[in-house]
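Here are the chains, one letter per residue:
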Amino acid sequence: MKNYVGFLLLLLCVNIVAAQGNKQNIRGVVVDKLSQVPLVGAAIKLSGTTTQSTITDATGNYTLKDLLPERYTVTISHAGYNDVTIPNVVVTSGKEVILDITMDESYKRLKDVVVTSSNKASSINKFATVSARTFSMEEVNRYAGGRSDPARLAANFAGVSTPDDSRNDIVIRGNSPTGVLWRIDGMNVTNPNHFASIGTTGGAVSALNTNLLKSSDFFTSAFPAEYGNAVSGVFDLGFRSGNTKKRETTLQFGLISGLEATTEGPLSKNKGSSYLVGYRYSVAGLAQAAGINIGTNSLPSYQDLSFKINSGTTKLGKFSVFGLLAKSSISLTGSNSGSLYGGNGNTDFVSTIGIVGVNHFKQLTPKSFLTSTIGINYSKTDQTTFNYLPASTTTYEGENNNYAKTGYNFSSTYNAKISSKFFLKIGIQDELLGVNLYYRARQGQNSAWNEIWNKDTTTHLAQAFVETKYKLSEKLTLNAGLHSQKLFLNNNSLSLEPRLGLKYDLNNKSSFSLGYGLHSQMQQLNMYAIGTGTKSNINLGFTKSHHFVLGYDLQPAKDWRIKTEVYYQSLFNVPVTSYASSYSILNTGSSYKSDTTSSLVNNGTGTNYGAELTIEKFFSKGYYGLFTASIYSSKYTGSDGVERNTAFNGKYVFNILAGKEWKIGSDGRNKFAVDVKLTNAGGRYYTPIDLVASQALGHGVESTNAYSVNYPTYFRLDVKAGYTFNSSRKKIAQSISLDFQNITNQKNVFSYGYDQRNNAINTTYQLGIFPNLVYKFQF
């Protein structure tokens, strides 16, 4: 640890007298946001330490040349379109900045008239009205405690709670993390995380390489009609294209993200085709060797490969191939039952991810285009667990769990800009789903194995949608749509879901928004395979949910934003047991154990409601700030008719983030930055252990008072320091950061469990102080 700190301080003490010889470019293409047609003659203006201007050419392309390493603001204007202002564009010596821009046509398109607006608070999706947030990869890597993980970045947003150091599961407004939809480049994908267990949407380490991702959208409620099979939220991500003009390379070392090499460049400069490839391999063993507690004495291993190949423009349109291949494994031992990944025995865990897709874009007319995607999703987990009797090696409890899921996905959407006021989008999607399940368990020293499932199942989920965007007036915009989906596994899974969004601009600084959506989601495929005869879950229908949202957005000053939302969510058709019990599938995802409950019927309900506040100072003048507050309630009712707290009802979450950047050197090309994050969240509810019953039976037994007690408050303070060195002689940029996560070494409770070795209730704590070192080299 001292060596890491010393290395960082050494870099901070280096004073580089920088010359003016090495500079970089900002370039990209400007298109109409709705029709995707390139805009010719758009004016591009750069402001910052350097001012520069240019216009787009006949293909909509532009270049701002020979820029010193700095943060810039880019403003784009075009007659008949709303101005676009993009602040905080970071230029370094080691990498060219590719900045593609979309522009909205103004309500009344008049010659030589430009309506001024800012797009910082807007989303990439054209139909988003409420509960949407766009984030950049610069933010993912900038914030303290983020671990270069998009899911952990989302934890800073209002309405999101992730007080869990072991996994990045996303809890949105009290919903189970299994209600989140992941999408990459327009294709619904499997859980993109390492160490992902059955039926979850999170994991211990993200398999997404942020050096390959582009700015993306995150939705927390009432999302547009194109998104289906989700009741909680949507993560809509995308891989960026590689540089089409020159080759660039990024080398990176991170205690969590591992050793990494990313390369990109043109395949054909004339056609604009390119490649982008990144590979990462874990180095968690180095952290252990340095004496850093990573939650286990075992050595986790993980690696991933991400890529995107872009064809450029052809006679048939534009094609791209993208993919994510990942594998992770760990062998856990119970040498420390109080460790985050400990236990009373041994667990061997292996997970595999395979995502490959092909995108096609075809401009049909100057006002319409077609996009299509075909791809495959594959995920597999193998888990073997053995627990032992106290002071013996005789097998007491055991589990063998093998799960493999394959999805073949096809989707196509037609987009038409009917006029400057009216836009139409129609789409279809079909996913052929196959699952292979094997799960057996035993409990008792000489008990026989109980086979829970041993099945191969194939079905498909078909979805279709239509959505429109209509500007009723200069101030009033309507987004309306209809989504439908059907699961062909049984006759009970069909839905028709209206979506509605309305936004009214009071003036150019404030607006009201209203959103509604009916959303439904199929159950995890393994749940349908449980039980036989009258106890079978095969006929389960969709879980459904009404979302109601009211929002107010204010930009009180330049670079400042205040946003508040109140919401109400009513869940119904929720699977609960056919007999009276406290079980509800809304609590799935609160533990590592697979859900093996049978005899389920769609008779349960749930209610989530709350209020959220966001106060944000966008990065300018060398600093930024973000405050988010969420106050909420999450309840469910099981088949026994009793309303209870869900496992995800933390009641409140507060986040404070701030950062300051200082320029170093005679021309300020080098940077030193400090970032701070503080999180205070209410403890979630859990079912306590019945100690007397556990001691009598020799294994953990839960109380009948389900989710009646909550964990202590979660508190964590992260502090990050970083230094960026932009070479004055070569096109090279280096950065190093040291992120002290949980710097106060707060002992946050992870769980309480029964320890057979001590016949007592054991407390497992989350990670203590964890220093994450990251070094990046770009050229």
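Student: So, a nonpolar patch on the surface: which residues are in play, and what are the values?
Tutor: A cluster of nonpolar residues, Leu316, Phe319, Val358, Ile374, Phe410 and Ile428, forms a patch on the protein surface that exposes about 540 Å² of accessible area. Along the polypeptide, Ile428 turns up in strand β26 (residues 422–443).

Student: Which residues make up the packing of aromatic side chains, and what are the values?
Tutor: Going through the model one piece at a time under the given rule, you end up with 23 aromatic pairs. Ring centres 4.7 Å apart and planes at 5° place the aromatic pair Trp182 and Phe235 in the stacked group. A residue pair is termed long-range when its members are at least 10 positions apart, and Trp182 in strand β12 (residues 180–184) and Phe235 in strand β17 (residues 233–237) qualify at 53 residues. A residue is classified by how much of its surface remains accessible, and Trp182, at 4% relative accessible area, is buried.

Student: Any chance you could break down the pattern of salt bridges for me, citing the residues and the numbers?
Tutor: Applying the stated criterion across every chain yields a total of 28 salt bridges. One salt bridge in this structure joins Glu105 and Lys417, with 2.5 Å as the shortest N-O distance. Note that Glu105 is positioned in the loop between β8 (101–103) and β9 (132–135) and Lys417 in strand β25 (residues 395–417), a separation of 312 residues in sequence. Across the pair, Lys417 and Glu105 agree in class, each one buried. For Asp185, the salt bridge identified is with Lys308, shortest N-O distance 3.5 Å. With a gap of 123 residues between them, Asp185 in the loop between β12 and β13 (187–188) and Lys308 in strand β21 (residues 301–314) connect regions that are remote in the sequence. Both residues of the pair, Asp185 and Lys308, count as buried.

Student: Can you break down the sheet that holds strand β5 (residues 70–77) residue by residue, with the values?
Tutor: Pairing is antiparallel in the open sheet, where 4 strands are placed in the order β3-β2-β5-β6. This sheet does not close on itself; its edge strands, each paired only once, are β3 (52–55) and β6 (84–91). Sheet twist, expressed as the average angle between the axes of neighbouring strands with direction ignored, equals 20°. Direction of pairing for β5 relative to β6: antiparallel, over a ladder of 6 bridges. Residue Arg71 lies in a different strand from β6, and its bridge partner there is Val90.

Student: Can you break down the nonpolar core residue by residue, with the values?
Tutor: By size, the foremost hydrophobic cluster in this structure holds 34 residues, and its most contacted members are Phe135, Ile170, Trp182, Phe218 and Phe235. Going through the elements one at a time, α2 (137–142), α3 (150–154), β12, β17, β22 (317–333), β23 (345–365) and β34 (623–637) are the ones with two or more residues in this core. Non-local contacts of Ile170, meaning those with residues more than four positions away in its chain, are made with Ala151, Val160, Thr162, Pro177, Val180, Trp182, Phe218 and Phe235. Counting 32 residues, the second largest nonpolar core, distinct from the first, contains Ile198, Leu489, Ile530 and Leu600.

Conventions used here
Residues numbered from 1 in each chain as written. Predicted model: local features only at pLDDT ≥ 70, side-chain atom pairs only at ≥ 80, totals over all residues. Heavy atoms only, no water. Patch = residues over 30% accessible without salt bridge, like charges linked within 9 Å, V, L, I, M, F, W, Y side chains within 5 Å. Areas by Shrake-Rupley, 256 points an atom, 1.4 Å probe, with all protein chains shown as cover. Salt bridge = Lys/Arg side-chain N within 4 Å of Asp/Glu carboxyl O. Helix = DSSP H or I, 4+ residues; strand = E, 2+ residues; numbered from the N terminus. Phe/Tyr/Trp six-rings, centres within 6.5 Å; stacked < 30°, edge-to-face > 60°. Buried < 20%, exposed > 50% of the residue type's maximum accessible area, 1.4 Å probe, protein only. Pairing = 2+ DSSP bridges. Axes fitted to C-alpha atoms, helices over the stretch in contact; angles between N-to-C directions. Core = buried A, V, L, I, M, F, W, Y, C linked by side-chain atoms within 4.5 Å. Contact = heavy atoms within 4.5 Å.

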